[in-house]
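Chain by chain, the residues:
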Amino acid sequence: MEPICIIGGGLAGCEAAWQAANLGVPAALYEMRPARTTPAHTTDWLAELVCSNSLKSASPTSAPGILKEELWLWDSVVMSAAEATRIPAGQALAVDRERFAQAV
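Since the structure is predicted, the reported quantities are computational estimates derived from the model, not experimental observations.

A word on helix α1 (residues 11-22)
Compared with the 16 Å implied by 1.5 Å per residue over 12 residues, the 16 Å span of α1 between its first and last C-alpha is a close match. Buried-residue contacts for α1 involve β1 (4-7), β2 (27-30), α2 (63-73) and α3 (77-84).

This is the structure:
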C-alpha cells in the first residue's frame, strides 16, 4: 500500500498521521522544521503552538467544543496531549505549549 503524504506537522498534520496509523494506513509526514525555521517557532517539535496556548472553548455548546467532543470519539492524539498538559483557563482549553508539543 502506498503511503499517504501529509504536508505539515501542525495540529491537523499530526492528527492526520495519528489517525492513519490507527487505521493501519502508512503515512509520510513532511515538515519544514528543523531544516527551516520561522521567527514564530522556538522549538523543533511538531504541533508547536505559536500564537496562543488556547485551543478555544471547551464548552460542549460551542462550535470549538463540539469539534473537541468529536475528536475525543476518534481517539485524538491532539486532545490526549491537550488534556495531559492542560492549564487553568476558565471555559477555554489552554495548554502548556512546550509540554503539549512534546506530548504530541
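Things to note about the state of the cysteines
Applying the stated rule across the entire model yields 0 disulfides. For C14, which is in no disulfide, the shortest distance to another cysteine sulfur is to C5 and amounts to 16 Å. The buried category is assigned to C14, whose relative accessible area is 7%. Not part of a disulfide, C51 finds its nearest cysteine sulfur in C14, a span of 16 Å.

Overview of the sheet that holds strand β5 (residues 92-95)
Pairing in this open sheet of 3 strands is antiparallel, and the strands run β3-β5-β4 from one edge to the other. Only two strands of the sheet have a single neighbouring strand rather than two, namely β3 (54-57) and β4 (86-87). The sheet contact formed by β3 and β5 spans 2 bridges and is antiparallel. Its bridge partner being in β5, S54 is matched across the sheet by A94.

Section: the pattern of salt bridges
Across all of its chains, the model carries 3 salt bridges by this definition. Taking the shortest distance from any N to any O, the salt bridge between R33 and E31 comes out at 3.3 Å. With a relative accessible area of 7%, R33 lands in the buried category. Here R33 makes a salt bridge to E48, at a shortest N to O gap of 2.9 Å. Taken together, the residues span a long stretch of sequence, with R33 in the loop between β2 and β3 and E48 in the loop between β2 and β3 at a distance of 15 residues. There is no split in this pair, since R33 and E48 are both buried. Connected through salt bridges with shared partners, the residues E31, R33 and E48 form a single ionic network.

A few points about unusual backbone geometry
Outside of glycine, negative phi angles account for most residues, and trans bonds account for most peptide bonds. The omega torsion across R33 and P34 is 10°, close enough to zero to call that bond cis. Turning to its location among the elements, P34 is positioned in the loop between β2 and β3. Here the phi dihedral of K56 falls at roughly 70°; this positive angle occurs in a residue that is not glycine. Within the secondary structure layout, K56 lies in strand β3. A relative accessible area of 57% means that K56 is categorised as exposed. Positive phi is not limited to glycine here, since D75 has a value of about 55°. One can find D75 in the loop between α2 and α3. Overall, D75 belongs to the partly exposed group, its relative accessible area being 45%.

The rules behind each value
Residues numbered from 1 in each chain as written. Predicted model: local features only at pLDDT ≥ 70, side-chain atom pairs only at ≥ 80, totals over all residues. Heavy atoms only, no water. Helix = DSSP H or I, 4+ residues; strand = E, 2+ residues; numbered from the N terminus. Expected span 1.5 Å × (residues − 1). Contact = heavy atoms within 4.5 Å. Disulfide = S-S within 2.5 Å. Buried < 20%, exposed > 50% of the residue type's maximum accessible area, 1.4 Å probe, protein only. Pairing = 2+ DSSP bridges. Salt bridge = Lys/Arg side-chain N within 4 Å of Asp/Glu carboxyl O.

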